[in-house]
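Architecture at a glance
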Amino acid sequence: MLGGQGVSGRRLTEAGNTIREWEMENAKVDADTRKNRIKHDEDGQEQMYAMSRGVATKRGLTLVELDASPSEFENHLQAKAKEWYLSGLAEADKLTGE
């Protein structure tokens, strides 16, 4: 009877070791995933920033306006955005025959 309990004890120990190894591997994967996700988000943010600047300059904002202080930039951008919005509505009306 004692021999059977020894085998069971070893199996429990092995199972515990397997679970710990799995948890350690899982933690490594989680850490790598977080690191890759952060880099992916940072890269995406840079691309969005570049794309936004590109669209803004194509639509008539100068680099000086883009590099202005945030409140000054927003003041210019709000006026431009309204102009773009209204011209978009007018274009949509033309295309739909209204």
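These figures come from a predicted structure and were not determined experimentally.

With that settled, the discussion passes to the overall build of the chain. Across its full length, the chain holds 3 helices and 0 strands. In the chain, the order of α-helices and β-strands from amino to carboxyl end is α-α-α. For the chain, buried positions account for 7% of its 98 residues. With an accessible surface of roughly 8600 Å², the chain has 58% of that area assigned to carbon and sulfur atoms.

So, about the packing of aromatic side chains. All told, the structure shown has 0 aromatic pairs when counted by the stated rule. Taking NZ or CZ as reference, Arg59 lies 5.2 Å from the ring centre of Trp84, over its face.

With that settled, consider a nonpolar patch on the surface. Together, Met48, Met51 and Val55 give the surface a local cluster of nonpolar side chains, amounting to about 280 Å² of exposed area. The topology assignment puts Val55 in helix H1 (residues 2–58).

Turning next to the pattern of salt bridges. Applying the stated rule across the entire model yields 2 salt bridges. Glu25 is the salt-bridge partner of Lys28, the closest N and O atoms lying 3.3 Å from each other. With Lys28 and Glu25 both in helix H1 and 3 residues apart, this pair spans about one turn of that helix. Taking the relative accessible area as the measure of exposure, Glu25 reaches 45% and is therefore partly exposed. Salt-bridge contacts for Asp43 lead to Lys39; the nearest nitrogen and oxygen are separated by 3.1 Å. With Asp43 and Lys39 both in helix H1 and 4 residues apart, this pair spans about one turn of that helix.

Calculation criteria
- Residues numbered from 1 in each chain as written.
- Predicted model: local features only at pLDDT ≥ 70, side-chain atom pairs only at ≥ 80, totals over all residues.
- Heavy atoms only, no water.
- Helix = DSSP H or I, 4+ residues; strand = E, 2+ residues; numbered from the N terminus.
- Buried < 20%, exposed > 50% of the residue type's maximum accessible area, 1.4 Å probe, protein only.
- Areas by Shrake-Rupley, 256 points an atom, 1.4 Å probe, with all protein chains shown as cover.
- Phe/Tyr/Trp six-rings, centres within 6.5 Å; stacked < 30°, edge-to-face > 60°.
- Lys NZ or Arg CZ within 6 Å of the ring centre and 35° of its normal.
- Patch = residues over 30% accessible without salt bridge, like charges linked within 9 Å, V, L, I, M, F, W, Y side chains within 5 Å.
- Salt bridge = Lys/Arg side-chain N within 4 Å of Asp/Glu carboxyl O.

Functional significance is not addressed by these values, which are geometric in nature.
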